[in-house]
Amino acid sequence: DVKVTQSSRYLVKRTGEKVFLECVQDMDHENMFWYRQDPGLGLRLIYFSYDVKMKEKGDIPEGYSVSREKKERFSLILESASTNQTSMYLCASIPRGAGDRRGYTFGSGTRLTVV
Amino acid sequence: QKEVEQDPGPLSVPEGAIVSLNCTYSNSAFQYFMWYRQYSRKGPELLMYTYSSGNKEDGRFTAQVDKSSKYISLFIRDSQPSDSATYLCAMSPPGNTGKLIFGQGTTLQVKP
């Protein structure tokens, strides 16, 4: 069974901390995405990556950065966590050239609380 | 104005009811249309996708696309308590980038 694994289900961090959210997929997918999900706002794209060492800003990249050193791993970094970054974070992947018919495979999400 | 609009609900129906979930969109260039189901404390999973206008059926689920009206729907027949979840519509802009634009999600509760 193919999987996207997010390392933590729940995290509580303090304001100002540097936070790392890890995502690993075992499907050899080229494209990986980080979204945040908030009530009433749906899923909003933070960053995405088409290949190793490549990254593109999504709609809300401010306060975040990413790292893709290996194909299977896509990390989201909160440089200095703030309370408005309290959210559910979802990682997703899709093969290149699959078109959008295949849809994403999502991880189970990381619920981050910044206090 | 958001590119994709979806009523967040919540929507509560009795078991066995027909459920209609809807999204409207503003970008006529959207190509693929999808519905994801998200159970509590889980990531979304792809339920159905469609490309052209018309209907697509899969068991108790029917996805409908009306490109002229920029309107998509998901119908659930004979709804079950196990259908209780958040349903998200998603659409792909042209260019095969893999990016998707999501609606806000509609929370559905099916009561036994």
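Residues numbered from 1 in each chain as written. Chains lettered and ligands numbered in written order. Predicted model: local features only at pLDDT ≥ 70, side-chain atom pairs only at ≥ 80, totals over all residues. Heavy atoms only, no water.

A. Expanded view of the nonpolar core. Within the largest apolar cluster, 24 residues are counted, with the highest numbers of intra-cluster contacts made by Val4, Trp35, Ile72, Leu74, Tyr87 and Met91 of chain B. Met91 of chain B has contacts with Val4, Cys23, Tyr25, Phe30, Tyr32, Phe33, Ile72, Lys99, Leu100 and Ile101 of chain B, leaving out every residue within four places of it along the chain. Residues Val4, Cys23, Ile60 and Ala81 of chain A belong to the second largest nonpolar core, which totals 21 residues. (Core = buried A, V, L, I, M, F, W, Y, C linked by side-chain atoms within 4.5 Å. Buried < 20%, exposed > 50% of the residue type's maximum accessible area, 1.4 Å probe, protein only. Contact = heavy atoms within 4.5 Å.)

B. Just the pairing of strand β3 (residues 19-25) of chain B, in detail. Residue and element names in this part refer to chain B. Where burial is concerned, the two faces of β3 differ: the one with Val19, Leu21, Cys23 and Tyr25 is buried and the one with Ser20, Asn22 and Thr24 is not. Of the pairings in the sheet, the one linking strand β1 (residues 4-6) to β3 comprises three bridges and is antiparallel in character. Considered in β3, the bridge of Glu5 is made with Thr24. As paired strands, β3 and strand β8 (residues 71-76) are joined by six bridges and run antiparallel to one another. (Helix = DSSP H or I, 4+ residues; strand = E, 2+ residues; numbered from the N terminus. Pairing = 2+ DSSP bridges.)

C. Local environment of the sheet that holds β8 of chain B. All names here are of chain B. Spatial ordering of the open sheet is given by β1-β3-β8-β7-β6, a layout of five strands whose pairing is antiparallel. Bordering the open sheet on either side are β1 and β6 (54-58), each of which pairs with just one other strand. Strand-to-strand twist across the sheet, computed as the mean angle between neighbouring axes with direction ignored, equals 15 degrees. (Axes fitted to C-alpha atoms, helices over the stretch in contact; angles between N-to-C directions.)

D. A look at the pattern of salt bridges. Residues and elements named next belong to chain A. By the definition in use, this model includes 10 salt bridges over all chains. The shortest N-O distance in the salt bridge between Asp28 and Lys71 comes to 3.0 Å. With Asp28 in the loop between β4 (23-25) and β5 (31-38) and Lys71 in the loop between β8 (64-70) and β9 (73-78), this pair connects stretches of sequence that are 43 residues apart. (Salt bridge = Lys/Arg side-chain N within 4 Å of Asp/Glu carboxyl O.)

E. Representation of the environment of Asp26 of chain A. Residue and element names in this part refer to chain A. Structurally, Asp26 can be placed in the loop between β4 and β5. The exposure class assigned to Asp26 is exposed, which follows from its relative accessible area of 51%. Distance in space between the C-alpha atoms of Asp26 and Glu56 is 22 Å, their sequence separation being 30 residues. A distance of 2.9 Å separates a polar side-chain atom of Asp26 from the backbone nitrogen of Lys3. (Polar contact = N/O pair within 3.5 Å; in protein donor to acceptor, adjacent residues only side chain to side chain.)

F. Examining the interface of chain B and chain A more closely. Of the residues lining the interface, 21 residues belong to chain B; the matching set on chain A comes to 24 residues. Applying the counting rule to chain B against chain A returns zero salt bridges. If you look at where chain B meets chain A, you find five residue pairs in polar contact (both at pLDDT 80 or more). If you list the elements that add at least two residues to the side of chain B that touches chain A, you get β4 (32-38), β5 (45-50) and β9 (85-92) of chain B. Broken down by element, the residue count for the side of chain B that touches chain A peaks at four residues, all from β4 of chain B. Its residues assigned to classes, the side of chain B that touches chain A comprises nine nonpolar, eight polar and four charged. (Nonpolar A, V, L, I, M, F, W, Y, C, P; charged D, E, K, R; others polar.)

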